[in-house]
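Here is what each chain is made of, one letter per residue.
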Amino acid sequence: MAEFRSTGVLSVDDLEGRTPPRERLERGPCATIECVEEIPCNPCEEACPVGAIRVGDLLTNPPELDFERCTGCGVCVGVCPGLAIFLLDLSGVRPRLTVPHELFPVPENGEEVELLSREGKALGHGKVVRTRRAGTTWIITVELPAEELLWKVRAIRRPR
Ligand code: SF4
Ligand code: SF4
């Protein structure tokens with residue numbers, strides 16, 4: 001957590017041990033939760049239909065995810081007020097990332113979008129393959145051109 005403490009932005013190193021293993025992602029989409037601050041919050045735990053997320057009695061506990069129990073349904077992505085949950089998927093020909101999205105206009109299926117890092121830096125382009133709506137949040141799945149981007153991209157925007 002060294003980088004997070006100094007910059008306020010999580011790094012891949014900060015998340016070591018908190019992301020699903022590769023062999024789990026090869027079997028289909030799985031959530032990853034980038035919520036590390038001790039805030040009183042648990043909609044993700046309440047919403048998960050299979051009980052894969054545990055916060056527990058103390059609401060300030062960071063959520064823990066059971067990667068094997070997670071079905072990759074994406075419900076938690078749409079309910080997290082911190083936009084801190086993503087789906088990772090290495091089961092297809094190309095890596096797929098699902099992100100929460102609250103900017104309008106919402107990208108459409110087949111559209112090419114810019115891929116952004118946790119700091120908001122542009123990292124290339126990907127293709128939207130699925131859009132879903134959960135209240136005011138959209139859940140957008142994009143195909144990525146390279147596997148390494150699965151660990152780095154955490155937002156999208158329409159090209160300007
Ligand atoms: S993706 Fe679905 S099954 Fe997995 S943790 Fe989120 S709500 Fe639960
Ligand atoms: S809903 Fe989001 S912000 Fe709240 S505990 Fe779950 S992951 Fe963290």
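Residues numbered from 1 in each chain as written. Chains lettered and ligands numbered in written order. Predicted model: local features only at pLDDT ≥ 70, side-chain atom pairs only at ≥ 80, totals over all residues. Heavy atoms only, no water.

**Quick word on unusual backbone geometry**
The omega torsion across Phe104 and Pro105 is -5 degrees, close enough to zero to call that bond cis. Its place among the elements puts Pro105 in the loop between strand 5 (96-101) and strand 6 (112-117). In this structure, Leu83 takes a positive phi of about 50 degrees despite not being glycine. Tracing the chain through its elements places Leu83 in the loop between helix 4 (75-79) and strand 4 (85-89). On the basis of relative accessibility, which here comes to 29%, the residue Leu83 falls in the partly exposed class. (Helix = DSSP H or I, 4+ residues; strand = E, 2+ residues; numbered from the N terminus. Buried < 20%, exposed > 50% of the residue type's maximum accessible area, 1.4 Å probe, protein only.)

**A look at the site of ligand 2**
Around ligand 2 sit Ile33, Cys35, Ile39, Cys41, Pro43, Cys44, Pro63, Cys80, Pro81 and Ile85, and those are all the residues in its vicinity. Of the residues belonging to the shell around ligand 2, the class tally is 10 nonpolar, no polar and no charged. (Near = heavy atom within 4 Å. Nonpolar A, V, L, I, M, F, W, Y, C, P; charged D, E, K, R; others polar.)

**Observations regarding the pattern of salt bridges**
A side chain with one charge can pair with a side chain of the opposite charge if their charged atoms come near. Inspection of every chain in the model, using the stated rule, returns 10 salt bridges. Here Arg158 and Glu111 are joined by a salt bridge, their closest N and O atoms 2.6 Å apart. Of this pair, Arg158 sits in the segment after strand 9 (153-157) while Glu111 is found in the loop between strand 5 and strand 6, placing the two residues 47 residues apart along the sequence. Taking relative accessible area as the criterion, Arg158 reaches 28% and is therefore assigned partly exposed. Glu148 is paired through a salt bridge with Lys152; the nearest N and O atoms lie 3.1 Å apart. The exposure class assigned to Lys152 is partly exposed, which follows from its relative accessible area of 37%. Sharing partners across several salt bridges, the network here consists of Arg22, Glu26 and Glu147. (Salt bridge = Lys/Arg side-chain N within 4 Å of Asp/Glu carboxyl O.)

So far we have only geometry, and geometry alone does not tell us how the molecule works.
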